[in-house]
Every structure is written in structure tokens, then in C-alpha cells.
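Chain residues, written in single-letter form:
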Amino acid sequence: MNALLHDKIEIIKKCSLRKVWNLFLLYISFRYSRLVGRVNILGKPFSMSFEPTTTCNLGCPECPSGLRQFSRDTGNAQLNQFKNWFSQVTGNLWYLTFYFQGEPYLNKDFLKMVSHASQNGVYTATSTNAHYLTKEKSIETVKSGLSRVIISIDGTTQEVYEQYRKRGKLDKVIEGTKNLIEARRELKSQTPHIIFQFLVVKPNEHQIEDVLALGNELGVDDVRFKTAQVYDYENGNPLLPDNEEYSRYKKGKDGKYRLKNKMLNHCWRMWQGCVVTWDGKVVPCCFDKDATHQLGDLNTTDFNSLWKSDGYNNFRTSVLTARHQIDICTNCTEGTQVWT
């Protein structure tokens, strides 16, 4: 069966009438809120992200984890705490991403968390630099029921790869990919769906065709290209690619770079889900990397109360009225492609 089709079927298999109804309620309340300019929230999150760890073995130049520049606490999520949080959202939750910052495989309980969510009918995904995908860990990954894995591969030669993936080894990425594909074959499993993700920056944009060829050669299921988020872009940045198709920014007539997003006053992410940090803090979305907009703490508040709290709704209101004034929105691409 075609790998992309099988992945879609895998998502549908995690479906239930309850989840479909919940998604419908979220969408209707989102559309209504946009129409009247006032927050109305029905339903519970259908998609969320959970952070197994903030630790990472690499030092990527635009990543707070890689740069060791977090102002928030860093550490590893605990399995029992994850299970307690998960129990508050299961039933409505459809899609769970085990990634925010850090390298998930550095948390010893990461795959136990994945297994717990998978056994409870949730589509599970993660993103990794693949340096820890040994043969044994690859077998564990397949057995965990992980639905999707994104492997970051930002170059097809070591010289190019390490320009962004500082301290990374391309041969480890390729070896890990092979191990995972072999483990999937050995266990006669269709999951996880394996995606090569290529973050397009100036040093590697000439290798776009090369990574497509490499993905085909190794047998990954898909190759996807991602635009890079940079923090200092107004006057240009050495990481910005020449081809604006692969950039979040465009150069104006005055020579200044601006985000392509028109920053309309809405954001579906504020209705469909949120991010939970390793220590139980709830933040609006994955652009709040340093958790500066904490909307609650699952160590002191149950999720259902937090989800519709005044604090959370106040943040949603600010998105509906003055989104351009919210700092974490200044690098966002949400609002121009879907749900508009």
C-alpha cells in the first residue's frame, strides 16, 4: 500500500464519533469567535504537543535548546506525571506530538510515554535528529506504536549538514534512518511513517534535489521542506535562502525583510490545541519556545479548568484583536494557509 495513503488510514483509525464531534465543536466555535470578535470555546483539544525534554546533543544556531539559552527551567518529563496529564485529555485527543524543544530520545521514558498514548487510541508523532536510533532503540520505537517520526536532515554532505546542525554527524542520521526502516521491516509494521524534514537555509538550498534522491534511495516515506524561523531577519540573515519560496520572509522595496504572513487577527491553533512543557506548564503554541506566555500549570490546575480559564481566553482575545502585538506571533505562518 502507498505509504502516504497508509498514514492517512492510520490517522482515521484513531478516529471516534466523540473525537469527530469534538473537532466539529472546536471549529464552529473558532469560526463564531472570528465572526463576532469575541471568544467562544467549545470542545477540548484534538491535537497537542508534549515536551519529553529540553536537552539536546546538537547546537543549532536558531534553537534555544541548542544554544542553551532558555530562561525557563530545563529538564526531563516524568512518566507518572505524563500519565496523569494525559488522563485529563484522553477521549477527545486525536493527535499527540512528542516534541517541543530538545531531543526526545534523551528522555529514558520517552517511548514508554508513546506506548501509553498509542494504546489509548491516539495518533502519536515525534521529531528527532536520529543520532540515537540504534538497532535496539529502533525496534523499541516500532513496538511502541509510534505513528509518525520526522527525521531532521538539513544537508546531504557532512560539510553542509553541520553548518546548521552544529555538532551533528550526518552518518549517524543515515545510520539511524536505516535502522528504523529495517526494524519496521523486521517487525512487519507499517508504522512509524518516516519523514525526512529538510530545513531550507542558504547553506543547503542547493541540495534540495539531492535530499529527495537520498530519501528515495534509503526508502523513507516522504521528504518535506520547512522554512526556517530566524529571530533577526529585518536586515537580512545569513540563513535566509535566496529562493523566497522556501522562506518565511520577503524583501521589501526598502530593503527590509518582513514576514510573509499578513498577521490577520485569528489563529486556529488557539482553539485546536496547545503545548505542554516537560514540567507541566501550558503554553499557547510551539512558537513560545521559552514559555513566556504560560497559561497555566498542570501541577496545580486540572486541564479542563485551565482550557477555558479567564487567562487562556484573554490570550485568545488578544489574538482576535491585536495579534501583531504578540511577540511569539512575529515569526508565525499560521493564518494564511488553512482554516481561513
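Not measured: the values here are computed from a predicted model. (Residues numbered from 1 in each chain as written. Predicted model: local features only at pLDDT ≥ 70, side-chain atom pairs only at ≥ 80, totals over all residues. Heavy atoms only, no water.)

In this structure the tally under the stated criterion is 20 aromatic pairs. In textbook terms, an aromatic cluster arises when at least three aromatic residues are bridged by ring pairs, as seen for Phe50, Phe82, Trp85, Phe86, Phe98, Tyr105 and Phe110. Cation over ring: Arg316 sits above Trp307, and NZ or CZ is 4.6 Å from the ring centre. If you follow Arg316 out to its NZ or CZ, it ends over the ring of Tyr312, 3.9 Å from the centre. (Phe/Tyr/Trp six-rings, centres within 6.5 Å; stacked < 30°, edge-to-face > 60°. Lys NZ or Arg CZ within 6 Å of the ring centre and 35° of its normal.)

Right, let's get into the pattern of salt bridges. Summed over all chains, the structure comprises 15 salt bridges. Measuring nitrogen to oxygen at the nearest pair gives 2.6 Å for the salt bridge that ties Arg165 to Asp154. Of this pair, Arg165 sits in the loop between helix H7 (158-164) and helix H8 (170-186) while Asp154 sits in the loop between strand S4 (148-152) and H7; the two residues are 11 residues apart in sequence, bridging distant segments of the chain. For Lys202, the salt bridge identified is with Asp242, shortest N-O distance 2.8 Å. Pair noted here: Lys202 is in the loop between strand S5 (193-200) and helix H9 (208-218) and Asp242 is in the loop between strand S6 (222-227) and strand S7 (249-251), with a separation of 40 residues, a long-range link. What makes Lys202 partly exposed here is its relative accessible area of 37%. Taking the relative accessible area as the measure of exposure, Asp242 reaches 57% and is therefore exposed. Taken together, the salt bridges that share partners define one network made up of Glu10, Lys13 and Lys14. (Salt bridge = Lys/Arg side-chain N within 4 Å of Asp/Glu carboxyl O. Helix = DSSP H or I, 4+ residues; strand = E, 2+ residues; numbered from the N terminus. Buried < 20%, exposed > 50% of the residue type's maximum accessible area, 1.4 Å probe, protein only.)

Strand order in the open sheet formed by 9 strands is S6-S5-S4-S3-S2-S1-S9-S10-S11, and the pairing between neighbours is mixed. Pairing within the sheet leaves two strands with one partner each, and these edge strands are S6 and strand S11 (296-297). Strand direction decides the pairing type here: strand S10 (residues 281-283) and S11, joined by 2 bridges, are antiparallel. From the neighbouring strand, Val282 faces S11, where its bridge partner is Gly296. Its contacts with the sheet place helix H4 (residues 79-86) against strand S1 (47-50), strand S2 (95-98) and strand S9 (275-276), and it is angled at close to 160° to S2. Helix-sheet contacts for H9 involve S5 and S6, and the interaxial angle to S5 is about 165°. (Pairing = 2+ DSSP bridges. Contact = heavy atoms within 4.5 Å. Axes fitted to C-alpha atoms, helices over the stretch in contact; angles between N-to-C directions.)

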